[in-house]
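Reading the structure
Here is how the chains run, residue by residue.
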Amino acid sequence: MELRSRDGQQAGPRLAGFDRPSGRDRYLTAYQAALALWPVPHRSELLESRFGATHALVSGPAGGRPLILLPAALGVGALQWHENIARLAACRRVFALDFIGGPGRGTQTRPLVDRADCAQWLLDVLDELGADDADVVGSSQGGWFALNLAMAAPERVHRVGALAPAASLLPFRKPVAALLRVGPHLPARSARYSLRASLGGRYRADDRLVEVVSCAQAHFRYQQQAVLPGVFDDDELRPIGPRALVLLGEKEIIYDPVDALDRAWRVLPGATLELVPDAGHLLNLERADLVDDRLVRFLDSDDQTVHQAEKPGAIVNRRRRASMTKSQSVARRVSNGALRAGRSAAPMHGLIEVDVSRALALRAALVPKPSITALVVASVARVAAQHPSVHSYRDWRGRLVTHDHVDVNTLVEITTTTGHFPLATLVRDADVRSVEDITDQLESTKLRTGHDREARILDRVPSAIARLPGLISLLYWSLGRTVRGRSRSGTISVSAVGMFGEGGGFGIGPPTLYSLAVVVGGLEDRPRVSDGQITTGQMLDLTVTFDHNIIDGAPAARFIAQLRETLQRGDALDSP
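Residues numbered from 1 in each chain as written. Predicted model: local features only at pLDDT ≥ 70, side-chain atom pairs only at ≥ 80, totals over all residues. Heavy atoms only, no water.

So, on to the environment of Leu57. Turning to its location among the elements, Leu57 is positioned in strand β5 (residues 52-59). Other than its neighbours up to four places away in sequence, Leu57 contacts Tyr31, Leu35, Trp38, His42, Arg43, Ser44, Ala78, Leu79, Val94, Phe95 and Ala96. (Helix = DSSP H or I, 4+ residues; strand = E, 2+ residues; numbered from the N terminus. Contact = heavy atoms within 4.5 Å.)

When you line up the elements, Asp541 lands in strand β21 (residues 533-547). For Asp541, a relative accessible area of 1% puts it in the buried group. A distance of 2.7 Å separates a polar atom in the side chain of Asp541 from the backbone nitrogen of Gly505. Side chain to side chain, Asp541 and Arg526 meet in a polar contact 3.0 Å long. Those residues in contact with Asp541 that sit more than four places away from it in its chain are Ile352, Glu353, Gly504, Gly505, Phe506, Val519, Val520, Gly521, Gly522 and Arg526. (Buried < 20%, exposed > 50% of the residue type's maximum accessible area, 1.4 Å probe, protein only. Polar contact = N/O pair within 3.5 Å; in protein donor to acceptor, adjacent residues only side chain to side chain.)

Bringing empty space enclosed by the protein into the picture now. This structure, assessed with the given rule, holds two cavities of 30 Å³ or more. Quantified by volume, the largest cavity comes out at close to 60 Å³. Leu74, Val76, Gln80, Leu195, Ala205, Leu209, Val213 and Leu285 are the residues that line the largest cavity. Each residue belonging to the lining of the largest cavity can be placed in one class, and the counts come to seven nonpolar, one polar and no charged. Quantified by volume, the second largest cavity comes out at close to 30 Å³. Forming the walls of the second largest cavity are Leu67, Leu88, Cys91, Arg92, Leu295, Val296, Leu299 and Asp300. Taken together, the residues that form the lining of the second largest cavity break down as six nonpolar, no polar and two charged. (1 Å grid on protein atoms, 1.4 Å probe; cavity = no way out; pocket = protein on both sides within 12 Å on 5 of 7 lines; lining within 4 Å. Points joined across faces, edges and corners; volume = space filled by probe spheres on them. Nonpolar A, V, L, I, M, F, W, Y, C, P; charged D, E, K, R; others polar.)

Among the nonpolar cores identified, the biggest contains 103 residues, and Leu70, Leu79, Leu97 and Trp121 are the most heavily contacted of them. In contact with Leu70, not counting residues within four places along its chain, are Trp81, Leu97, Phe99, Trp121, Leu122, Val136, Val137, Gly138, Ser139, Gly142, Phe145 and Ala146. Listed in part, the 43 residues of the second largest apolar core include Val390, Val408, Leu516 and Leu573. (Core = buried A, V, L, I, M, F, W, Y, C linked by side-chain atoms within 4.5 Å.)

Next comes the structure, spelled out in structure tokens:
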């Protein structure tokens, strides 16, 4: 919701802050307890800005250019730097800040609405310190703020250090982007697990820090419509290259660290770049000694000559394992959902060879010749009609349902804007239709392609809907548990994958929601024994799969025997 003033005018987004005074008190108590981890003398200061009071932990000798430390969005604020402050404060006046608009000892009075506000906040802090310029180092979100300031006001930033800067160089990985949106709403008890995931077991956070994070998650509410870090343009980054340090952990989780380092090398000429071994996102905690050493050497250097450094070895040695990544199409997600719907089946497979020499001879005499797929569909349907138990199923109440008709679900490959897709096509009353009639239906489905109603639906379904966990599987499950659903999805399945190639072979498909599924494998001339003589015949390979939850072995064997005879004689080629 948005705040409104007493006269009804819009007052801007909700400001960040604690949900109640008791929540703030609990957080500040935890913060004070965790200050015992700060190993050097310090004092707390509140630095005024147009966005509110910013809290800073100040350590180190007075005088000289200040060093500003900006934390990640963990909820611990300046305390994140407790592992590094002893080395940094030995020779610099250090101001470790709590974020304005984040958990800490400060108070927000005005929202940050864009990148310009984010830079202005830090400029106000520098003005409050009376500093013409400063060195600014940030971790994660703090790294993004530091780079943003260096680009917005280069004359106020002497050197800028970015430790695993959020976004900045590459977009967040999708799971990370989603977590950033839901993270503030997670329960407080998830704090320990959140820290463990960020640190990857390489560093054990002190329980006092964990308590600070827990209190922040339980009681702090972030600014509505907060500014989220984004990727900076090449032209923005390039001028700050000679004054920039970028450190990335080799086990970084928010984006690919080598790809990010590669981009930094290309768009930050003269920058100091390094991939820190055995470190993840919070590398200032995981590899404190190494990070301290790199920061001190970088901040003490006076060389600002623009040069193109040698490409880091991590980039040179990177061998890509894929040339392109591509999201799954909606059509593919629909297919996967159908497969997952059959996970509860107990499949029982039968591999059979059928001599269809006579049937193919009868087929060759017909004009036009019907398709082999249509022949198999008609034959399976006719035999299934005489064995109703093989296409029975359980409804949602566990009752056994038997259909009097036989509707066959088969696949016809069509073309959509997302590519080729095996469209499920329903052949209704296949047990009483001619092979020629079924052939006409399958061929007409192929010719409709772009005008096919199902194809248009697949093209228009938003990909976000197709990605909803379990939605498509649930749809298929419901289709398989009701009479109305079966009237739309069919009672048995026939898949003719073998018709796309030459030669023999069996195809064993995954379980589906059907109690009976037939996969047509290959067709080839093969030796056979007939009346004690070795002859050759045209052998069709079929895989017949039953759901053993529904069908016992004996009925299945009787069905297969009659199906073999029906195909061998070509009975389906006679008019029903």
